Amino acid sequence: MSTRIATYTYIFITVAIVAAYSLLWMPLFQNPSGIVNRDFTIFATAVKVAEEAGYPAVFDIALQKQAQEEIVGDKISIGGGMLPFNHPPILLPLMQVLINPGNLPRSFLLWTAVNLILVGTCLAITGRWLAQKGIPYQQQFVLWLPLILLYPLHQALFQGQDVLVPMLGLVIWAIGTNHNRYGVAGVGLSLTVLMPQIALALAIPLFWGQRKVFYSFIVSAGAMAFISIGMIRIPGTLDFINMIIETAGASGDTFGVNKQVMLNASGIFLRLWPSAPETILSLVTWGVYLGGIGYLCWLHHAYKDDDPEAHLIVIGISIVVAMFASPHLHVHSMSVLWVPLAVFYWGWHHYEHRSLVGGGLLALTGSAVMFLLNLPSFGLNWLPTIAVLAGLLFSFYRWLHLSKSD
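Residues numbered from 1 in each chain as written. Predicted model: local features only at pLDDT ≥ 70, side-chain atom pairs only at ≥ 80, totals over all residues. Heavy atoms only, no water.

Observations concerning the side chain of Thr14
Condition: Here a helix means four or more residues in a row that DSSP labels H or I, a strand means two or more in a row labelled E, and each is numbered from the N terminus. Contacts are residue-level and defined by heavy atoms, with any inter-residue pair within 4.5 Å sufficient.
Its location among the elements puts Thr14 in helix H1 (residues 3-30). Every residue in contact with Thr14, bar those within four places of it in the chain, is listed here: Leu145, Leu149 and Leu364.

Section: the packing of helix H10 (residues 196-203) against helix H14 (residues 308-325)
Two quantities define a packed helix pair, namely the angle between the axes and the distance from one axis to the other. In plain terms, the rule: Axes here mean lines fitted to C-alpha atoms, for a helix over just the part in contact, with angles spanning 0 to 180 degrees between N-to-C directions. Any angle that falls under 35 degrees is termed roughly parallel, while one over 145 is termed roughly antiparallel, one within 65 to 115 roughly perpendicular, and all others oblique. Take the far helix as the reference: if the near one is turned anticlockwise from it by less than a right angle, the crossing is left-handed, and if turned clockwise, right-handed. Side-chain classes follow a simple rule in which Ala, Val, Leu, Ile, Met, Phe, Trp, Tyr, Cys and Pro form the nonpolar group, Asp, Glu, Lys and Arg form the charged group, and the remainder, Gly included, forms the polar group.
Close contact between H10 and H14 brings their axes to 9 Å; oriented N to C, the two are set at 135°. Classified by the interaxial angle, the pair formed by H10 and H14 is oblique. Every pair of crossing elements has a handedness; the one defined by H10 and H14 is right-handed. Side by side, H10 and H14 meet where Ile198, Ala201 and Leu202 of the first sit next to Ser318, Ile319, Ala322 and Met323 of the second. Counted by class, the contact of H10 with H14 contains six nonpolar, one polar and no charged residues.

Observations regarding the side chain of Ser333
What counts, and what does not: Relative accessibility thresholds used throughout: buried, under 20% of the residue-type maximum; exposed, over 50%; partly exposed, between the two (1.4 Å probe, protein chains only).
Looking at the element boundaries, Ser333 is found in the loop between H14 and helix H15 (338-352). Classification of Ser333 by relative accessible area gives buried; the value is 5%. The contacts of Ser333, once residues within four sequence positions are left out, are Val163, Met195 and Met323.

With respect to H14
Heads up, the condition is: Helix span is expected to be 1.5 Å times the residue number reduced by one.
End to end, H14 covers 25 Å across 18 residues, agreeing with the expected 26 Å (1.5 Å per residue, within 8%). Most of H14 is tucked away, with 16 of its 18 residues classed as buried.

Description of the confidence of the model for the protein chain
Where we set the bar: Note on scores: pLDDT gives the predictor's confidence for each residue, bounded by 0 and 100.
Mean pLDDT over the protein chain works out to 85, with 88% of the residues at or above the 70 mark. Segment residues 75-79 is flagged for pLDDT under 50; beyond a separation of four residues in sequence, or across chains, it makes seven contacts in the model.

Looking at H1
The terminal C-alpha atoms of H1 lie 40 Å apart, and with 28 residues this matches the ideal 40 Å at 1.5 Å per residue to within 8%. Listed in full, the buried residues belonging to H1 are Ala6, Tyr10, Ile13, Thr14, Ile17, Ala20, Tyr21, Leu24, Trp25 and Leu28.

Observations concerning a nonpolar patch on the surface
Going by this rule: Like-charged residues within 9 Å of one another, or nonpolar side chains (Val, Leu, Ile, Met, Phe, Trp, Tyr) within 5 Å, are grouped into patches, provided each residue has over 30% relative accessible area and no salt bridge. The Shrake-Rupley method, run with a 1.4 Å probe, gives the accessible areas here. Residue values count only the displayed protein chains as cover. Any Lys or Arg side-chain nitrogen located within 4 Å of an Asp or Glu carboxyl oxygen qualifies as a salt bridge.
There is a patch of nonpolar side chains on the surface, built from Ile229, Ile234, Leu238, Ile241 and Ile245 and spanning about 490 Å² of accessible area. Relative to the helices and strands, Ile234 resides in helix H11 (residues 211-248).

What about the packing of helix H5 (residues 104-132) against helix H6 (residues 137-148)?
The contact between H5 and H6 brings their axes to 10 Å, and the two run at 145°. Our pair here, H5 against H6, has a crossing hand that is right-handed. Contact with H5, carried on its side by Leu123, Thr126, Gly127, Arg128, Leu130 and Ala131, involves Tyr137, Gln140, Leu143, Trp144, Leu147 and Ile148 of H6 and no other residues of that element. The residue makeup of the contact of H5 with H6, split by class, is eight nonpolar, three polar and one charged.

Here's the deal with the pattern of salt bridges
Once the charged atoms of two side chains with opposite charge are near each other, the side chains can pair. Within the structure shown, the criterion is met by five salt bridges. A cluster of three or more residues bridged by salt bridges with shared partners is formed by Lys48, Glu52 and Glu70.

Structure (structure tokens):
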């Protein structure tokens, strides 16, 4: 494909995605009260319980149910029953500043503003890193749009999720590792504790490859755990553990888990065998998860003595594998694809020596395909996920081979 054709195609897809996202966001601004239908409700629930009963009561399922019913009233019926707040409580003080359970529309706008600041920070850090890798800022523009228009990222913004904090952490982890700043890298990775299943899958293999980063993660994550336990005390910690067990073991759409629409290995398995017994599904879910961690342990060990460029590709592979193997993965959680896409773009320049417009077009096309085929009318929302992840992994494996032979 010539550069001119690639450029025109890039512009066309960009305009189409912007138009589609405008339609996605328009109903929210037309009906701000509709915010109670979104995941943002769980944060308002946590704030309400914390303010009325204190931090130790935040993970009490009965109190959450009562608080959430008062917030949503008779306006909506939450699919699968109560949608619980089951995130670590470390961000609760910030939530209390930004979120007023009695005024969700205004709270959502404030929360979205913070999320946009996080996106801008990720973009600034990524742009500076690419400039240091020999890609000038004026040439990076073709990547900025694919990252900003990443479909899971907009789902996270639209749903009012907190996944952008882990996304920033992964950006810091990847770039810190690439610059041999292992302490900073570990601190960045510790921000992923808001997604514990991803954090464990990424951190454990570091013991076999990048131990300095692993120890930094342990210290940072341990400090966050210590603060969290200090906030919710022992009874609250036990409630949190119970909450995790309840939601992780929930079947079907109980607690709004909706395993059948997840974009991970267990979600795909459930689509292929809808009537699978719960025990079989559990074995597949945890078997793939542990298998993924085992594979990443081997990968990090195999390339632990390679140069920082190989480590960067290993990080890209790790994030993709951790997402697919994770027991819990909805579309918004795939915002962390930001890092693999940035690594892909750099690798396209570093190893392929091809047009940067072409690399940006591939990244943009991946996001467009994910958006279009995740629409309910297609009913095949796992196919584009597999296609995008498989494409990334194929590229990364090729580049690992090249880095090994250099």
